[in-house]
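# Topology and contacts: notes
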Amino acid sequence: MSAGRSGTDLRFDWIGMLFACLLTLFIALPLIVVGTWAFTEVWRYPSVIPQQFGLRFWGQTLARPDVWDALFLSLRLTTTVTILSAVICLPAAYAFARMRFPGRNILFLSFLASHAFPKFGLLVAIAGIFLQLGLISTFWGVVLIQLVGTLMLMIWIPVAAFQNVDRRMEEAARDAGATPLRVLWSITLPQAGPTIAAALLLTFVGTFYETEGAWLIGAPQVRTMPVLMISFINNQIVVQYGAVLSVMLWVPSFIALMFARRVIGTGAFARGFGA
């Protein structure tokens, strides 16, 4: 082996660094601009930086009743959808992982079908059904449409978790006289727990930011935070209002990531909670 690296390897390193920098720029630059607008009072072209910073628009935005109504509605919707998704999907995921029954593979793949076609077209078709059922512009109509979007995460990820549980530990517990419920509670769930927690976390965050279904099914009566932000932009309301709402929408993601770091941690998917 040669002591140094070849010119080709170095060239690939530089190309990789270039792509990494470009990706960072495309991701970070919009966030920086929006975050700057949220704390800007005066920023006129052609100035590169704002002429005046301040919190005036934070006060104005937070003083709007519709902002707080949208925030509490989003949290209520997200919590409801996450709980219902867990109640419905986790038993189904366990059945897919452990049981063999006719049509299992076809039914399992059907949960992927909702993501295999253009989402908006599917939502329009569902909206037609909801219109006949009187679910348009209702809380539970938005819950149902957002619940559809959680099926793949809450089925596919927990299935992998249940399949990777150490069966030998379960069999040893049963040989020792443990009941099936005791084995599930003491052996299966602690090992599958980190992955299930990740699925719940992704479901919560994804539902909080879901926009298309909430807008198509919920408008005009049900307005979540993302829908309210879009209405500010479309109606050409002060740009700082939309920027402030954007920063407020980042907060749940930040809290969720901190929760994931503490609960899941490095290597937790492999070792489980109880390892």
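Calculation criteria
Residues numbered from 1 in each chain as written. Predicted model: local features only at pLDDT ≥ 70, side-chain atom pairs only at ≥ 80, totals over all residues. Heavy atoms only, no water. UniProt positions renumbered as here; feature names shortened; annotations may be inferred. Helix = DSSP H or I, 4+ residues; strand = E, 2+ residues; numbered from the N terminus. Buried < 20%, exposed > 50% of the residue type's maximum accessible area, 1.4 Å probe, protein only. Contact = heavy atoms within 4.5 Å. Areas by Shrake-Rupley, 256 points an atom, 1.4 Å probe, with all protein chains shown as cover. Core = buried A, V, L, I, M, F, W, Y, C linked by side-chain atoms within 4.5 Å. Patch = residues over 30% accessible without salt bridge, like charges linked within 9 Å, V, L, I, M, F, W, Y side chains within 5 Å. Salt bridge = Lys/Arg side-chain N within 4 Å of Asp/Glu carboxyl O. Phe/Tyr/Trp six-rings, centres within 6.5 Å; stacked < 30°, edge-to-face > 60°. Lys NZ or Arg CZ within 6 Å of the ring centre and 35° of its normal. pLDDT = per-residue confidence, 0-100. Expected span 1.5 Å × (residues − 1). Bend = angle between axes of the 7 residues up to and from the residue. Axes fitted to C-alpha atoms, helices over the stretch in contact; angles between N-to-C directions. Parallel < 35°, antiparallel > 145°, perpendicular 65-115°, else oblique. Left-handed = near helix turned anticlockwise from the far one by under 90°. Nonpolar A, V, L, I, M, F, W, Y, C, P; charged D, E, K, R; others polar.

Naming follows an unreviewed UniProt entry, where the protein appears as ABC transporter permease subunit of Rhizobium changzhiense. Turning to the protein, the UniProt annotation filed under Sequence similarities (unreviewed entry) states: "Belongs to the binding-protein-dependent transport system permease family." Taken directly from UniProt, the Subcellular location (unreviewed entry) text for the protein runs: "Cell membrane".

Looking only at helices and strands, the protein has 12 helices and 2 strands in total. The helix and strand sequence of the protein, counted from the amino end, reads α-β-β-α-α-α-α-α-α-α-α-α-α-α. For the protein, with 275 residues in total, the buried portion stands at 37%. Across the protein, every contact between residues at least 6 apart in sequence was considered, and the portion connecting residues at least 24 apart equals 71%. About 16,700 Å² of surface is accessible on the protein, with carbon and sulfur atoms providing 71% of the total.

Annotation from UniProt places "transmembrane region" (unreviewed entry) at residues 12–39, 70–94, 106–133, 139–162, 183–209 and 238–260. The distance from the first to the last C-alpha atom of residues 70–94 is 35 Å, and the span holds 100% helix and 0% strand. In the segment residues 183–209, helix accounts for 100% and strand for 0%; the C-alpha atoms at its two ends are 37 Å apart.

As a further point, take the side chain of Thr224. As for its placement among the helices and strands, Thr224 is situated in the loop between helix 9 (212–218) and helix 10 (225–234). Thr224 gets classed as buried once you look at its relative accessible area, which sits at 2%. Setting aside residues up to four positions removed in sequence, Thr224 forms contacts with Ala70, Leu73, Ser74, Leu77, Glu210 and Ala214.

For the rest of this paragraph, the subject is the nonpolar core. Core analysis: the largest hydrophobic core is formed by 18 residues, its most contacted members being Met225, Leu245 and Met248. The dominant element in this core, judged by the number of residues it contributes, is helix 11 (residues 239–263), at 7 residues. Setting aside anything within four residues of it in sequence, one finds Leu245 in contact with Thr61, Val67, Met225, Leu228, Met229 and Phe232.

Taken together, the side chains of Ile15, Leu18, Phe19, Leu22, Leu25, Phe26, Leu29 and Val33 present a nonpolar region at the surface, about 770 Å² in accessible area. Mapped onto the elements of the fold, Ile15 is located in helix 1 (residues 7–38).

Right, let's talk about the pattern of salt bridges for a bit. Within this structure, the stated rule accounts for 5 salt bridges. With a shortest N-O distance of 3.0 Å, Arg64 and Asp66 are connected by a salt bridge. Under the relative-accessibility criterion, Arg64 is labelled partly exposed at 24%. Classification of Asp66 by relative accessible area gives buried; the value is 19%. With a closest N to O distance of 3.9 Å, Asp66 and Arg223 form a salt bridge. With Asp66 in helix 3 (residues 65–98) and Arg223 in the loop between helix 9 and helix 10, this residue pair connects regions lying 157 residues apart in the sequence. Connected via shared salt-bridge partners are Arg64, Asp66 and Arg223.

With that settled, the discussion passes to the packing of aromatic side chains. Two numbers describe a pair of aromatic rings. These are the distance of the centres and the angle of the planes. Under the defined criterion, the tally for this structure stands at 7 aromatic pairs. Summarising the aromatic geometry, the rings of Phe57 and Tyr241 are spaced 6.3 Å apart at their centres and angled 70° between planes, so their arrangement reads as edge-to-face. Residue Phe57 is found in helix 2 (residues 56–62), and its partner Tyr241 is found in helix 11; the two are separated by 184 residues along the sequence. Owing to a relative accessible area of 11%, Tyr241 belongs among the buried residues under this scheme. One Lys or Arg, Arg76, reaches over the ring of Phe139 and ends 4.5 Å from the middle of that ring.

Our focus in this paragraph is the confidence of the model for the protein. Residues at a pLDDT of 70 or more form 85% of the protein, whose mean pLDDT is 80. Here helix 12 (residues 268–271) stands out as the element of the protein with the lowest mean pLDDT, 48, in contrast to helix 3, whose mean of 90 is the highest. Under a pLDDT of 50 for its full length, residues 268–275 has, in the predicted model, 14 contacts with residues more than four places off or in other chains.

Here helix 8 (residues 180–209) is 30 residues long, yet its end C-alpha atoms lie only 38 Å apart, well below the 44 Å a rise of 1.5 Å per residue gives. In the structure, helix 8 departs most strongly from a straight axis at Gly193, where the bend amounts to approximately 55° and where the proline Pro194 lies between one and four residues downstream.

In this section: the packing of helix 6 (residues 139–163) against helix 8. Relative orientation of the contacting elements helix 6 and helix 8 amounts to 160°, with a least axis distance of 9 Å. It follows that helix 6 is roughly antiparallel to helix 8 by the angle criterion. Helix 8 is crossed by helix 6, and the crossing has right-handed handedness. In contact with Gln146, Thr150, Leu153, Met154, Ile157, Pro158, Ala161 and Phe162 of helix 6, helix 8 contributes Thr188, Leu189, Ala192, Thr195, Ile196, Ala199, Leu200, Leu202, Thr203 and Thr207. The class makeup of the residues in the contact of helix 6 with helix 8 is 12 nonpolar, 6 polar and no charged.

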